[in-house]
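Take a look at the letters that make up each chain.
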Amino acid sequence: MAQPSDRFYTKEHEWVKIDGKNAIVGITDYAQSSLGDIVYVELPKPGAALERSKPIGVVESVKAVSDIYAPVAGTVTEINAAVEDDPAKVNGDPFGDGWLVKLSGVDAADTTGLLDAAAYEELVKSL
Amino acid sequence: MLTKPRETALYQAHLRLGAKMSPFGGFLMPIVYSSILEEHDAVRHAVGLFDLSHMAQFVASGDAVAAWLDGLSANEVASMRPNQARYNIFTNTAGGAHDDVIVYRLDGRWLIVANAANTAKVWELLRSSQPPGVRLEDRTAHSALLALQGPKAVALLQTLVDANLSKIRYYYAADAAVAGVRAEIARTGYTGEDGFEVFVPASAAMQLWERLLVDGRPFGLRPAGLGARDVLRLEAGMPLYGHELDEDITPLQAGLQWVVKFDKQFTGKAALEAQRTEDSYDRIAGLVMEGKAPARAGYAVRMDGEPAGEIRSGSPAPALGGKNVATALVRKAAATPGTRLEVEIRGKYHPATVVPMPFYKRPK
């Protein structure tokens with residue numbers, strides 16, 4: 001699957017779509033495919049202040065537990081309740097309906113450590 | 001000891017099917033082909049096909065085999081009937097388990113199927129105690145093991161064998177030709193479903209595997225990996241060596257009282273008698289989690305705010321509507337069905353209830 005070019009990526013396989021001071025975060029198609037059937041997601045509470053690269057939750061498949069890391073710093077404004085109820089949505093549409101958290105207070109200029117779609121595609125191909 | 005993982009005779013078939021391969025017990029094994037949940041579903045409702053060629057296969061023959069194995073193991077061997085299979089445990093002097101195995105009494109020989117991870121240990125145990133007149137062979141490298149498990153397994157296999165499978169009862173075996181391949185077939189398994197395990201020469205394994213994939217289509221057959229197998233066995237309350245049973249966890253602690261025959265002599269019997277008499281040992285309990293967070297091996301368990309033990313296996317159980325189930329090794333007082341416990345998951349305590357095992361029983 002091609003990586004959407006409207007967002008950034010981390011080496012830990014999260015994506016972040018930044019729009020001004022707001023951002024949406026999820027895990028990539030590669031991440032969901034590697035994990036397999038996702039059965040549980042644990043997300044931060046709305047209002048939580050996230051630090052870049054710090055663990056903010058977990059995604060669990062039948063056999064595996066995987067941390068989610070914050071691609072950027074920001075404050076959680078919303079979590080995807082539909083994914084908490086039906087974690088398989090992350091498998092079904094990781095870049096869309098399977099998003100995990102929305103953030104505010106994001107510094108759009110600071111993309112330190114993030115990969116663009118082409119760089120992330122290269123990373124995935126090397127794995 | 002680090003050695004390159006071996007490949008089973010079906011390795012190329014797994015690659016062709018797009019399996020995720022991982023080292024397991026010294027072999028590169030298929031963990032999942034497409035989806036653990038879909039493979040689990042096929043086994044519970046249709047039929048799953050497993051490659052279990054990583055498991056150790058030891059063949060012993062000679063008049064003294066039964067008496068010898070009886071001395072090494074908790075369950076009875078000498079009383080086995082021709083073509084019977086029996087679950088057994090090789091015990092250490094403290095009553096712990098070297099391994100759990102299935103012993104098959106076949107025509108003129110005994111087959112011992114051991115866990116892949118314990119191949120070297122069991123071989124050493126057998127070699128070091130082998131009596132005069134007993135011949136012993138490790139045929140693992142030359143013999144493949146395929147399993148057909150699920151409510152359609154018997155019907156599918158019946159289309160490929162001459163023998164009448166309805167005459168082979170649960171935990172019995174027979175020599176048979178399967179699609180023209182010389183085989184030993186046994187009505188055994190590790191999923192909680194009906195089905196057969198099929199031993200064939202490694203050289204014939206690929207041909208049989210491909211045939212089963214094709215002929216299995218109308219039966220809803222899917223290849224199933226070790227990921228699904230672990231979920232299936234946990235639902236069915238079957239122990240996994242290294243989790244519910246190991247050198248330090250005895251069969252009594254694992255809830256396998258029925259396996260231990262105190263009216264014969266065997267390694268570790270005295271220790272197990274003492275443990276049975278004292279009855280204060282930690283034991284394996286079945287847990288159902290109340291919340292959505294899965295319990296995983298190693299998580300701490302507490303009762304009334306006090307440490308009570310730890311999770312040994314844990315998984316969502318699709319057969320229970322996705323509820324999270326687990327086994328835990330806990331204090332005796334915490335093991336009674338109905339007891340409320342808490343499992344520590346990432347620093348938070350999640351409620352769980354002790355339930356009788358198995359979690360899942362197949363409909364009759």
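Residues numbered from 1 in each chain as written. Chains lettered and ligands numbered in written order. Predicted model: local features only at pLDDT ≥ 70, side-chain atom pairs only at ≥ 80, totals over all residues. Heavy atoms only, no water.

A. Highlighting the overall build of chain B. Of the regular secondary structure elements, chain B holds eight helices and 20 strands. Considering only C-alpha atoms, chain B reaches an extent of 60 × 50 × 45 Å along its principal axes. Residue burial in chain B is summarised as follows: out of 364 residues, 58% are buried. Summarising the internal contacts of chain B: among those between residues at least 6 apart in sequence, 64% fall at separations of at least 24. Accessible surface, chain B as shown: approximately 15200 Å² in total, 53% of it carbon and sulfur. Put simply, chain B has 41 plus and 39 minus side-chain charges, and the middle of one group is 4 Å from the middle of the other. (Helix = DSSP H or I, 4+ residues; strand = E, 2+ residues; numbered from the N terminus. Buried < 20%, exposed > 50% of the residue type's maximum accessible area, 1.4 Å probe, protein only. Contact = heavy atoms within 4.5 Å. Areas by Shrake-Rupley, 256 points an atom, 1.4 Å probe, with all protein chains shown as cover. Lys, Arg positive; Asp, Glu negative; His and termini not counted. Charge placed at Lys NZ, Arg CZ, Asp CG, Glu CD.)

B. Representation of the overall build of chain A in the model. When its secondary structure is counted, chain A shows four helices and nine strands. Counting only C-alpha atoms, chain A reaches 35 × 35 × 20 Å along its principal axes. Out of the 127 residues belonging to chain A, those deemed buried represent 44%. Considering only residue pairs separated by 6 or more positions, chain A has 61% of its internal contacts joining residues 24 or more positions apart.

C. Structural view of the pattern of salt bridges. Residue and element names in this part refer to chain A. All told, the structure shown has 31 salt bridges over all chains when counted by the stated rule. Close ionic contact of Glu-78 with Lys-102 constitutes a salt bridge, the shortest N to O distance being 3.8 Å. Remark: Lys-102 occurs in strand S9 (residues 101-104) and Glu-78 occurs in strand S8 (residues 74-79); sequence separation between them is 24 residues. In this structure Glu-78 comes out as partly exposed when scored by relative accessible area, which is 37%. Taking the relative accessible area as the measure of exposure, Lys-102 reaches 27% and is therefore partly exposed. (Salt bridge = Lys/Arg side-chain N within 4 Å of Asp/Glu carboxyl O.)

D. Quick peek at the nonpolar core. All names here are of chain B. Formed by 42 residues in total, the largest nonpolar core has its most connected members in Tyr-104 and Leu-245. With sequence-adjacent residues up to four places away left out, Leu-245 is seen in contact with Tyr-87, Ile-89, Ala-97, Asp-100, Leu-240, Thr-250, Pro-251, Ala-254 and Leu-256. In this structure, Leu-156, Val-161, Ile-168 and Phe-196 belong to the second largest nonpolar core, which totals 35 residues. (Core = buried A, V, L, I, M, F, W, Y, C linked by side-chain atoms within 4.5 Å.)

E. Representation of the sheet that holds strand S6 (residues 55-61) of chain A in the model. Residues and elements named next belong to chain A. In space, the three strands of this open sheet follow the order S4-S6-S7, with antiparallel pairing throughout. The sheet terminates laterally at strand S4 (38-42) and strand S7 (65-69), the two strands that pair on one side only. Across the sheet, the mean angle separating the axes of adjacent strands is 25° when strand polarity is ignored. As paired elements, S4 and S6 share four bridges and run antiparallel to each other. By the bridge assignment for S6, Tyr-40 is matched with Glu-60. (Pairing = 2+ DSSP bridges. Axes fitted to C-alpha atoms, helices over the stretch in contact; angles between N-to-C directions.)

F. View of the packing of helix H3 (residues 65-72) of chain B against helix H4 (residues 119-129) of chain B. All names here are of chain B. For the pair H3 and H4, the least separation of the axes is 11 Å and the interaxial angle reads 125°. In terms of orientation, H3 lies oblique with respect to H4. When you trace H3 past H4, the crossing you get is right-handed. Where H3 abuts H4, its residues Trp-68, Leu-69 and Leu-72 lie against Leu-125, Leu-126 and Ser-129. Grouping the amino acids of the contact of H3 with H4 by side-chain chemistry returns five nonpolar, one polar and no charged. (Parallel < 35°, antiparallel > 145°, perpendicular 65-115°, else oblique. Left-handed = near helix turned anticlockwise from the far one by under 90°. Nonpolar A, V, L, I, M, F, W, Y, C, P; charged D, E, K, R; others polar.)

G. Structural detail: the interface of chain A and chain B. Listed per partner, the contact involves 16 residues of chain A and 15 residues of chain B. For the pair chain A and chain B, the summed buried area comes to about 1200 Å², and 49% of that belongs to carbon and sulfur atoms. Area buried by chain A at its contact with chain B is led by Asp-37, Val-62 and Lys-63 of chain A, which between them contribute 42% of it. Between chain A and chain B we count five salt bridges in total. Summed over the shared surface of chain A and chain B, the number is 13 residue pairs in polar contact (both at pLDDT 80 or more). The set of elements that each furnish at least two residues to the side of chain A that touches chain B consists of helix H1 (29-35), S4, S6 and helix H2 (81-85) of chain A. A breakdown of the residues in the side of chain A that touches chain B according to their chemical character gives six nonpolar, four polar and six charged. (Buried area = accessible area lost by both parts, 1.4 Å probe. Polar contact = N/O pair within 3.5 Å; in protein donor to acceptor, adjacent residues only side chain to side chain.)

H. Focus on the domain arrangement of chain B. Residues and elements named next belong to chain B. Split into domains, chain B comes out as domain 1 (6-55 + 141-235) and domain 2 (282-355). With seven residues of domain 1 at the contact, the number on the domain 2 side is nine residues. A buried area of about 560 Å², summed over both sides, lies between domain 1 and domain 2, and 77% of it is on carbon and sulfur atoms. Sorting the residues of domain 1 by area buried against domain 2 places Val-231, Leu-234 and Glu-235 first, and these three jointly supply 69% of that buried surface. Taken together, domain 1 and domain 2 are joined by zero salt bridges. Here domain 1 is connected to domain 2 by two residue pairs in polar contact (both at pLDDT 80 or more). (Domains from an automatic or database assignment.)

I. Region of interest: unusual backbone geometry. Residue and element names in this part refer to chain B. In this structure, the amide linkage connecting Met-357 to the following residue, Pro-358, adopts the cis form with an omega of 5°. Phi is positive for Asn-83, close to 70°, though the residue is something other than glycine. Mapping Asn-83 onto the fold places it in the loop between H3 and strand S6 (85-91). A positive phi angle, near 50°, is found at Ala-179, a position not held by glycine. The topology assignment puts Ala-179 in the loop between strand S11 (173-178) and strand S12 (181-186). The partly exposed category is assigned to Ala-179, whose relative accessible area is 23%.

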